[in-house]
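Architecture at a glance
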Amino acid sequence: MPAHLPAYLLVTHGSRDPRPHAEAGVLAHQVAAELRRREAGGLPPLVETAALELSPQPLHQRILQVATQALTLGGDRLVIIPLFLLPGVHVMEDIPAEVAIARQQASPRLSIEIAPHLGSHPRLADLLPAPNSEPVARILLAHGSRRPGGNAPVEALAQQIGAIAAYWALPPGLADQATRLVAQGAQQVDILPFFLFPGGITEAIAQDVRDLSAQFPTCQFRLYPPFGATPQLAALVLDLATCPLGWGEARRSG
């Protein structure tokens, strides 16, 4: 693998549900396909996945495993791409701590870098459904972070797309915001999950939406799917891997 083409490791949160892991694998294949398109004629790129939690091995061990693969292929860089939407504790503390452990044990011939997290991409709104021509109330539903300032990107994105924010893990929740919109006279509410892949939480959200439909029969609630593994998402992920220093929380080994 040429030195100018790094290896990439896509890091997700991790889940007991197998669907997010499978979707991450699909996304890795799409990122590799986008790399092949951009680097026509080069060697096949190395794009792997890892999970921060609920994984058979700690993240730093998985990083070392992929680092060894990269060196074997002749590479000298490994870029860690956090597939997280909010700058919470996992992004700001946990992943850098695991990478620091891996750097201490990795070969000095390999540079291990951390790209900005996915939620920092300035074109993330492009992945969300565009507003209809008719005025429709919209809720951007995110997991939520208890880290100070961690939810600021959600509030900013909601304002950008003409929505209000709601959170799964902390108030205001979906039911709170839906009740508020119905009280203001909304007859249709679009709910946009700010989640990467389908799983247990998105199933629970779907049930909540069914409950809201029963509670407010005069209002139509329309639930959109999470982002999912798409070529459009793969292109944004690759943008993160090649972003210049100074954008987001890009960190490089010295």
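Details of the structure are given in the entry above.
We now turn to the structure provided with this report. For every chain, the first residue of the written sequence is number 1, and numbering continues from 1 onward in sequence order. Residues qualify for local features only when their pLDDT is at least 70, as the model is predicted, and side-chain atom pairs are given and counted only at 80 or more; totals for whole chains, interfaces and linings, by contrast, use all residues. Derived side-chain values reflect all non-hydrogen atoms in the structure, with water molecules and hydrogen atoms excluded from consideration.

**Some thoughts on the overall build of the protein**
Our working definition: Each helix is a run of DSSP H or I of at least 4 residues and each strand a run of E of at least 2, with the numbering of both proceeding from the N terminus. For this measure, only C-alpha atoms enter the radius of gyration; the expected value for a globule follows 2.2 Å times N^0.38, where N is the number of residues. Burial classes: relative accessible area under 20% of the type maximum marks a residue as buried, over 50% as exposed, and values in between as partly exposed (1.4 Å probe, protein chains only). Here, residues are in contact when the closest pair of their heavy atoms is within 4.5 Å. Only the protein chains shown count as cover for residues, with accessible areas throughout obtained via the Shrake-Rupley method and a probe of 1.4 Å.
In terms of helices and strands, the protein carries 7 helices and 8 strands. Taken over the C-alpha trace, the protein has a radius of gyration of 20 Å; the compact-globule value for 254 residues is 18 Å, and the two agree within 12%. With the C-alpha coordinates of the protein rotated into their principal frame, the extents come out at 65 × 35 × 35 Å. A burial count over the protein gives 51% of its 254 residues as buried. Considering only contacts in the protein between residues 6 or more positions apart, those separated by 24 or more positions represent 79%. When the accessible surface of the protein is split by element, carbon and sulfur atoms take 54% of a total near 12,000 Å².

**Things to note about the packing of helix α2 (residues 59–72) against helix α3 (residues 89–105)**
This is how it is decided: As a rule, the C-alpha atoms of each element are fitted with a line to give its axis, helices using only the stretch in contact, and angles between N-to-C directions run from 0 to 180 degrees. By definition in this entry, angles of less than 35 degrees are roughly parallel, angles greater than 145 are roughly antiparallel, angles of 65 to 115 are roughly perpendicular, and the rest are oblique. Note: crossing handedness is left-handed where the near helix turns anticlockwise from the far helix by less than a right angle, and right-handed where it turns clockwise. Asp, Glu, Lys and Arg are counted as charged, while Ala, Val, Leu, Ile, Met, Phe, Trp, Tyr, Cys and Pro are counted as nonpolar; the rest, among them Gly, fall into the polar class.
At a minimum axis distance of 8 Å, the contact between α2 and α3 shows a crossing angle of 45 degrees. Taken together, the axes of α2 and α3 lie oblique to each other. Relative to α3, α2 is oriented so that their crossing is right-handed. Seen from α2, the contacting residues are Leu59, His60, Ile63 and Leu64; seen from α3, they are Ile95, Glu98, Val99, Ile101, Ala102 and Gln105. Class assignment for the residues of the contact of α2 with α3 results in 7 nonpolar, 2 polar and 1 charged.

**Overview of the layout of surface pockets**
With a probe scaled to a water molecule rolled over the atoms, the places where space remains empty come into view. Test applied: A cavity here means a set of 1 Å grid points, computed over protein atoms only, where a 1.4 Å probe fits but cannot escape. A pocket is an open set with protein on both sides within 12 Å along at least 5 of 7 lines, and lining residues have an atom within 4 Å of a point. Grid points are joined across faces, edges and corners, and a volume is the space filled by probe spheres set on the points.
Here the largest pocket is characterised by a volume of approximately 870 Å³. Forming the walls of the largest pocket are 31 residues, and the residues nearest its centre are His13, Phe84, His143, Phe195 and Ile201. Elements with a minimum of two residues in the lining of the largest pocket: α3 and α6 (200–215). Here the residues of the lining of the largest pocket are counted per class, giving 15 nonpolar, 12 polar and 4 charged. Size it by volume and the second largest pocket reaches roughly 280 Å³. Along the wall of the second largest pocket there are 18 residues; nearest its centre are His21, Ala50, Ala51, Leu54 and Ser55. Going through the elements one at a time, α1 (18–38), β2 (47–51) and α2 are the ones with two or more residues in the lining of the second largest pocket. The biggest single contributor to the lining of the second largest pocket is α1, with 4 residues.

**Comments concerning the sheet that holds strand β8 (residues 220–223)**
Condition: Here the rule is simple: two strands pair whenever DSSP picks up at least two bridges between them.
Strands sit in the order β6-β5-β7-β8 across an open sheet of 4 strands; the sheet is parallel. Edge positions in the sheet fall to β6 (164–167) and β8, since each has one partner strand and no second. Mean inter-strand twist for the sheet, computed between neighbouring axes without regard to direction, equals 25 degrees. Pairing of strand β7 (residues 188–194) with β8, which is carried by 4 bridges, proceeds in the parallel orientation. Looking at the pairing, Asp190 lines up with Arg222 of β8. Relative to the sheet, helix α5 (residues 174–183) contacts β5 (137–142), β6, β7 and β8, its axis offset from that of β6 by approximately 145 degrees. Each of β5, β7 and β8 touches α6; the most contacted strand, β8, lies at about 170 degrees to it.

**Some thoughts on the side chain of His121**
How we decide: Polar contacts, as counted here, are pairs of nitrogen or oxygen atoms within 3.5 Å of one another; within protein the pair requires one atom able to donate a hydrogen and one able to accept it, and residues that are adjacent in sequence qualify only if both atoms are side-chain atoms.
Mapping His121 onto the fold places it in the loop between β4 (111–114) and β5. According to the relative accessible area criterion, His121 is buried, its value standing at 4%. Reaching out from His121, the side chain makes a polar contact with the side chain of Asp239 at a distance of 3.1 Å.

**Remarks on the sheet that holds β4**
Taken in spatial order, the 4 strands of this open sheet run β2-β1-β3-β4, and their pairing is parallel. Two strands bound the open sheet, and with one partner strand each, they are β2 and β4. Across the sheet, the axes of successive neighbouring strands diverge by a mean angle of 25 degrees, strand direction being ignored. Relative to β2, strand β1 (residues 7–12) runs parallel, the two being bridged by 5 bridges. From the neighbouring strand, Val11 faces β2, where its bridge partner is Ala50. Against the sheet, helix α7 (residues 231–241) contacts β1 and β3 (77–82), and its axis sits at roughly 125 degrees relative to β3.

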